[in-house]
Amino acid sequence: MRILLVEDDPKQLMPLQTVLSQAGHSVDGVKDGETAQWLLSEKEYDLLILDWMLPHISGVNLCRQYRSAGKTAPILMITARDTTPEKVTGLDAGADDYLVKPIDLVEFMARVRALRRRSPLWQGDTLSLEDLHLHLDTLTVERQGATVSLSSREFQLLEYFMRHPRQVLTRSQIEQGVWECDSLISESR
């Protein structure tokens, strides 16, 4: 999955980004709402993970803007705000789930998997094309009954190609679909 992770605290951003990447996801991790807003105007995501309290634009406002634009990717709100009225505000803003800090990484990844199943792009845990089977839950590839070893980037590329079968894809489409936001941000500035 392509995930936008917005968290202003580097001590929380890095572990979350690492665990998501290790699970085979392509993660754009940013530290402020303004950069996240720009990325959302440039790219499509399968899942958004938004901290509530962010510099420039709050996660709740990003959530509202995203939903008012008609976007449907699932949103997980992560925050230290733990009162019932605050949870209601986050969910009413358009979040699909709400996780209170400090975050337990096991629960976090379970919620990510649950939200992936709700994504309009979710096609199950195995993508198949003829005799090639990509197992998204175990990050393995099978062809003619044999397991094929791939690097993380190769796996992400293969997943992207299998989600767009028999399509001619431009370099730009592949870069936006697979590569991190770092190259996009450096090109724009």
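Caption draft 1: Summary view of the overall build of the chain. Secondary structure summary: the chain contains 8 helices and 9 strands in total. In the chain, which comprises 189 residues, the share counted as buried stands at 44%. Contacts spanning at least 24 positions in sequence make up 56% of the contacts within the chain whose residues lie at least 6 apart. For the chain, the accessible area works out to roughly 9900 Å², and carbon and sulfur atoms hold 52% of it.

Caption draft 2: Region of interest: the side chain of D97. Following the sequence through the fold, D97 ends up in strand β5 (residues 97-100). At a separation of 2.7 Å, a polar atom in the side chain of D97 contacts the side chain of R111. Beyond its immediate stretch of four places on either side in the chain, D97 contacts I75, L76, M77, L91, R111 and L115.

Caption draft 3: Region of interest: the packing of helix α2 (residues 33-42) against helix α3 (residues 59-68). Viewed as axis vectors pointing N to C, α2 and α3 meet at an angle of 15°, and their least axial separation amounts to 10 Å. Taken as axis vectors, α2 and α3 run roughly parallel relative to one another. The handedness of the crossing between α2 and α3 comes out as right-handed. On α3, the residues touching G33, A36, Q37 and L40 of α2 are L62, Q65 and Y66. By residue class, the composition of the contact of α2 with α3 is 4 nonpolar, 3 polar and no charged.

Conventions adopted
- Counting of residues starts from 1 at the beginning of each chain's written sequence and follows it residue by residue.
- Given that the model is predicted, a residue must reach a pLDDT of at least 70 before its local features are reported, and side-chain atom pairs must reach 80 or more before they are shown or counted; all residues, however, enter totals for whole chains, interfaces and linings.
- Processing note: side-chain calculations cover all non-hydrogen atoms of the structure and skip hydrogens and water entirely.
- To qualify as a helix, a DSSP run of H or I must reach at least 4 residues; to qualify as a strand, a run of E must reach at least 2; elements of each kind are numbered from the N terminus.
- Each residue gets one of three labels from its accessible area relative to the maximum for its type: buried under 20%, exposed over 50%, partly exposed in between, using a 1.4 Å probe on protein chains only.
- We call two residues in contact when some of their heavy atoms are within 4.5 Å.
- Under the convention used here, a 1.4 Å probe and the Shrake-Rupley method define accessible areas, while residue burial counts only the protein chains that appear.
- Each polar contact in these results corresponds to two N or O atoms within 3.5 Å; when the atoms are within protein, one needs to be able to donate a hydrogen and the other to accept it, and residues that are neighboring in sequence are counted only if both atoms are side-chain atoms.
- Note on geometry: axes are C-alpha line fits, over the in-contact stretch for helices, and angles between N-to-C directions span 0 to 180 degrees.
- Put simply, angles under 35 degrees are roughly parallel, angles over 145 are roughly antiparallel, angles from 65 to 115 are roughly perpendicular, and the rest are oblique.
- Whether a crossing is left-handed or right-handed is set by the direction in which the near helix is turned from the far one by less than a right angle, anticlockwise for left-handed and clockwise for right-handed.
- The residue classification treats Ala, Val, Leu, Ile, Met, Phe, Trp, Tyr, Cys and Pro as nonpolar and Asp, Glu, Lys and Arg as charged. All others, Gly included, are polar.

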